[in-house]
Amino acid sequence: PSNHHLHQSSSTPRQTPPRSQTLSTRREVYERDFPLYKQPVEVGCFSLDSQRRFFNDSRQMRYYVEPERSPSFDLRDGYRERYVKRDENVKEKLDHILRWIVANRSKLKSKLTTNASCPLDFDFVTWRGHLTKLLTTPYETREGWLLAVTRFNGTLYISEVETEAACRERENRPERNKEMMYWGYKFEQYMCADSTNSTPDPSGVVNTNEAFCTVVQTRLTDHKLLFSGEVDCRDRDPGAPPPPACYMELKTSAEICTPKQRSNFHRFKLLKWWAQSFLPGVPRVVAGFRDHDGTVVSVETFQISKISQVIKNEYNCWKPTVCMNFCCDFLSFVKREATEDNPSVVYLFSWEPHNDVTYSVHRDSRYSFLPDWYIKEITR
Ligand code: 0WD
Ligand code: CA
C-alpha cells in the first residue's frame, strides 16, 4: 500500500501493529493538514566575535542598508587579501547554545517549576540549521544526514554529525566552490552596516568567525522547542517590529535566464530558503542574483509568507505541510525511541536519500556531545 508509514506485518489484522524502529520519509505520508506551529518568540541572542569567542549580547548585530536598483557589487573583491575563514575542522556541536542556556537559566525557568528532574522546560534543544535539514528531508535526493540525540534531564538535545560523504566533499572542495562560498559573505558586507547610522564598508575584512545568533522558543504540535540560528541583519528603522519580525536573511543565487533555471530555483532553492527562515519567524529573504563572474546584477526581496504562492504553478513542487509534518513525526519518533536519560548515551539517527530513517545506540562513544561543564551546571 502506498500509505505505508510504519512497517507492519500484513498477516495480523485487528492487532495493534508493532512499533517500527524506522521512519518513512516518503512525501505522500506527510500530506495532511498543516500542524500547529506557534509564532516563534525570541528569548535571547548571542554573538561570536572575530576569534569565535562567545558573548551573551547582540554586539555582532548588523543593519540592512537598501542597495541601489542595479548595484553591480563585485563579490570576488577581497577573496585573496581580506578573507579570514572560520576553521571548519573545529566541531562546535551545541556548545554555544549550551553556554547561552547556562548564562540565561534563571529566565528560562518554567512557571510551574522547581521540578528538579526537568529544569529546562523544553523537549528539544538544537540548531535551527538541523531543523532546516529535517524540513527538507522528504524532498532531498542528494545528501543524507546523521543527527546525534541525547536525552538529559528530560530534554532531548540534537546535534549534527558530519557524514563521511560530507567530510570527503569538504576536503575535496574545488577552488571555484571555495571562492563561491566567499561570495555569500561578501554580499552581506555590501548590504550591512555595523550600526543604525553608518554605511556598509566593502573595503573591510570578511571574517566568517563573526556571527549574531537569535535564540527562539516555539512549539510544533506537542513538541516544545528551543533553537538558535544565525541572523544576517535587521531592519535599521527604529519603528520596525521587534525580533524576529525585523530580521532579514541575505542570500546570493545565480541569475535566472531561462524557464528551466526559474523552475529549478523554485523547486530547490526556495525550498531551502523558506525552511530556514520560516522556522525562526524571519519574514524576509533578500536575494542578490549574480552572474558567472560574481557580479550582482539584481537584488530582490522575497516575503517568506508569499513563497508558497510563488511556487504554486510549479508542477510536482514541494509543500510546506509535508516539510512540517515530517519534522513533527521525526521529533515524535525521537521522543519515543530515545528513552534512556543519560548524558553519555547517544541515539544516532541516520538517513540516506530514498531510505527510511534508522538509528543506533552508542554509550561513551565518540558521538557523545554534551560537555562536562554543561552536565555539572545543569545537575547542580
Ligand atoms: O555543528 C554543526 N554541524 C553545525 C554548526 C552546522 C550548522 C551550523 N553550526 C553552528 C555554527 O556555530 C554557526 O554559527 O550553527 C551556527 C549557525 O547556525 P544555523 O543558523 O542553525 O545554521 P544554518 O541555518 O545552517 O546557517 C545559517 C548561516 C549560513 O548562512 P547561509 O545564508 O549560507 O544559510 O550560518 C552559517 C552560514 O553563513 N553557517 C555556519 N557557520 C558556522 N558553522 C555553518 C557552520 N557549520 N553552517 C552554516
Ligand atoms: Ca545568509
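Preceding this section is the structure that the text describes.
None of these values were measured; they are calculated from a predicted model. (Residues numbered from 1 in each chain as written. Chains lettered and ligands numbered in written order. Predicted model: local features only at pLDDT ≥ 70, side-chain atom pairs only at ≥ 80, totals over all residues. Heavy atoms only, no water.)

Our next topic: the site of ligand 1. Within the structure, ligand 1 sits among 17 residues, and Arg 86, Arg 128, Gly 129, Glu 230 and Lys 251 are positioned closest to it. Side-chain polar atom of Arg 52 to an oxygen atom of ligand 1: 2.9 Å apart, as the coordinates give it. Glu 92 places a polar side-chain atom, nitrogen or oxygen, 3.0 Å from an oxygen atom of ligand 1. Here ligand 1, which alone exposes 750 Å², has 75% of that area covered by the protein. (Near = heavy atom within 4 Å. Polar contact = N/O pair within 3.5 Å; in protein donor to acceptor, adjacent residues only side chain to side chain. Areas by Shrake-Rupley, 256 points an atom, 1.4 Å probe, with all protein chains shown as cover.)

What follows concerns the packing of helix α6 (residues 259–278) against helix α8 (residues 320–337). Look at α6 against α8: their axes get within 11 Å of each other, and the N-to-C directions meet at 55 degrees. Considering their axes alone, α6 and α8 lie oblique with respect to each other. When the axes of α6 and α8 are compared, the crossing they make is right-handed. For the pair α6 and α8, the contacting residues are Leu 271, Trp 274 and Phe 278 in the first and Pro 320, Cys 323 and Met 324 in the second. For the contact of α6 with α8, the class distribution of residues is six nonpolar, no polar and no charged. (Axes fitted to C-alpha atoms, helices over the stretch in contact; angles between N-to-C directions. Helix = DSSP H or I, 4+ residues; strand = E, 2+ residues; numbered from the N terminus. Parallel < 35°, antiparallel > 145°, perpendicular 65-115°, else oblique. Left-handed = near helix turned anticlockwise from the far one by under 90°. Contact = heavy atoms within 4.5 Å. Nonpolar A, V, L, I, M, F, W, Y, C, P; charged D, E, K, R; others polar.)

In this section: the sheet that holds strand β10 (residues 211–220). Here nine strands make up an open sheet; going across it, the order is β2-β1-β10-β11-β5-β7-β6-β16-β17 and the pairing mixed. The open sheet is flanked by β2 (54–55) and β17 (358–363), the only strands paired with a single partner. On the sheet, helix α1 (residues 95–103) packs against β1 (41–48), β2, β5 (124–127), β7 (155–161), β10 and β11 (223–230) and is oriented at approximately 120 degrees with respect to β1. (Pairing = 2+ DSSP bridges.)

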